[in-house]
Amino acid sequence: MFFNAGVGLESQAALEEILGFRKVNSFKRYLGMPTMVGRSKKPIFAFLRDRLHKIILGWKERFLSKAGREVLINSIAQSIPTYIMSCFALPISFCNEMRSIISKFGGAAKQARKFLQNPNSLCARVLKAKYHPNMGFAQAGPRRRASFIWQSIMKGKRVLDSGFAWRIGNGEFVKALEDNWITSATFMQPVGKSNVTTDSLVSYFIDNGRWDEVKLSNSFLPTDVANIIKIPLSRRLPPDKLFWFPNKNGYYSVKSGYYQACKLLNRNQASSSTQTTGSDIWGKIWRCPVPPKVRHFLW
């Protein structure tokens, strides 16, 4: 454990005794993670670039086919920064450098999800006390002069916000206008004008385990009302629950989070070599159960 200059010696000694940790003056890495990240990010994460460059240099000495290079890139090169990126959002310029190293050869949502599912963890409670003491993590947002860790988590949270939705129980934790909860509709939020305030809760429209159609009709457009009525309710009125709708089982996974992030980034961009409508030919080619060299040839 180390302290900044603003913590007095008496406070440091008291914390050492209470927590049972030993004080150190500096600590570059812990479990492979950098412990201090300042304004300049590239020097902190330079060890990733150096490690990748060293591995690529060793591969260049081999005479490999394109398929062999693809296997090495997918299995080894792209996995090098994965552990660090599970906690930190690496600078775009740094990622471009690493991508350049790989291309010359041949070609923070996970943490946010943990805070949503385990808000009582020590890390979640520390960050809550500092960055969102008066609200839940779902309502938290970026802060000025926040630590790099919090900035990284907020970037990952943007992906979660687009993929998480509420399964309505009693409606006491879901905001009617801001949260994703109309799961029978495409956008999962009211699309038309409404007569409710931004802080109105879904519980207002529930009466004894049923939807209050009179309140719904007075507050939303008929299309929204029709979609809301389709949402089943339990008479037991259990607590509301978040689920990850890109996965059929409702649970978040790194793979589905990656695809959701790509969907957000490429929403207005072409997704393959040519733009086609109604055809997923490029995806089908790369999913073919054939040797990699055949996929390269078809591509």
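Higher on the page you've got the structure.
In this report, we go over the structure that sits alongside the text. (Residues numbered from 1 in each chain as written. Predicted model: local features only at pLDDT ≥ 70, side-chain atom pairs only at ≥ 80, totals over all residues. Heavy atoms only, no water.)

Turning our attention to the overall build of the protein chain. Broken down by element type, the protein chain carries 13 helices and 6 strands. Per-residue burial over the protein chain gives 32% buried out of 299 residues. For the protein chain, the exposed surface amounts to about 20,100 Å²; the carbon and sulfur share of it is 56%. (Helix = DSSP H or I, 4+ residues; strand = E, 2+ residues; numbered from the N terminus. Buried < 20%, exposed > 50% of the residue type's maximum accessible area, 1.4 Å probe, protein only. Areas by Shrake-Rupley, 256 points an atom, 1.4 Å probe, with all protein chains shown as cover.)

Mapped onto the elements, Q12 comes out in helix α1 (residues 9-19). Since its relative accessible area comes to 7%, Q12 is described here as buried. In this view, Q12 contacts F3, N4, V7 and K23; residues no more than four positions away in its chain are not counted. (Contact = heavy atoms within 4.5 Å.)

Glancing now at the packing of aromatic side chains. Taken as a whole, this structure holds 12 aromatic pairs when the rule is applied. Where F115 meets F137, the ring centres are 5.6 Å apart and the plane angle is 80 degrees; that geometry is what we call edge-to-face. Remark: F137 occurs in the loop between α7 (122-131) and α8 (148-163) and F115 occurs in helix α6 (residues 109-117); sequence separation between them is 22 residues. Taking 6.2 Å as the distance between ring centres and 85 degrees as the angle between the ring planes, the aromatic pair formed by F137 and W150 counts as edge-to-face. Of this pair, F137 sits in the loop between α7 and α8 while W150 sits in helix α8, and the two are 13 residues apart along the sequence. Residue F137 is classed as buried on the basis of its relative accessible area of 8%. In this structure W150 comes out as buried when scored by relative accessible area, which is 0%. One aromatic cluster is present, built from ring pairs that chain together F45, F88, F94 and F148. The ring of F137 has K157 lying over it, and the distance from NZ or CZ to the ring centre is 6.0 Å. (Phe/Tyr/Trp six-rings, centres within 6.5 Å; stacked < 30°, edge-to-face > 60°. Lys NZ or Arg CZ within 6 Å of the ring centre and 35° of its normal.)

Okay, helix α10 (residues 222-229) next. Of the residues making up α10, those classed as buried are D224, V225, N227 and I228. Each buried residue of α10 lies within a common arc of 165 degrees when the element is viewed along its axis, so the set occupies one face. In this structure, α10 carries P222 and T223 as exposed residues pointing more than 90 degrees from its buried face. Turning to α10, the residues buried within the fold contact β5 (210-211) and α9 (213-219). (Arc of directions from axis to C-beta.)

So, about the side chain of D212. Relative to the assigned elements, D212 resides in the loop between β5 and α9. Salt bridges are absent for the buried D212, whose nearest opposite-charge side chain, K215, sits at 4.2 Å. Every residue in contact with D212, bar those within four places of it in the chain, is listed here: F205 and D207. (Lys, Arg positive; Asp, Glu negative; His and termini not counted. Salt bridge = Lys/Arg side-chain N within 4 Å of Asp/Glu carboxyl O.)

Moving on: the packing of α8 against helix α11 (residues 254-265). Orientation of α8 relative to α11, taken along the N-to-C sense of each, is 90 degrees, at an axis distance of 10 Å. If you check the angle between α8 and α11, you find them roughly perpendicular. Residue-level contacts link R158, V159, S162 and G163 of α8 to G257, Q260, A261 and L264 of α11. Classifying every residue of the contact of α8 with α11 by side-chain character gives 3 nonpolar, 4 polar and 1 charged. (Axes fitted to C-alpha atoms, helices over the stretch in contact; angles between N-to-C directions. Parallel < 35°, antiparallel > 145°, perpendicular 65-115°, else oblique. Nonpolar A, V, L, I, M, F, W, Y, C, P; charged D, E, K, R; others polar.)

Within the secondary structure, I153 is located in helix α8. Once the C-alpha coordinates of I153 and A109 are considered, the two residues, 44 residues apart in sequence, prove to be 6.7 Å apart.

If you check the backbone angles, R145 has positive phi at about 60 degrees while not being a glycine. Here the phi dihedral of N208 falls at roughly 55 degrees; this positive angle occurs in a residue that is not glycine. Considering the arrangement of structural elements, one finds N208 in the loop between β4 (206-207) and β5. Among the residues examined, N208 registers a relative accessible area of 64% and is labelled exposed.

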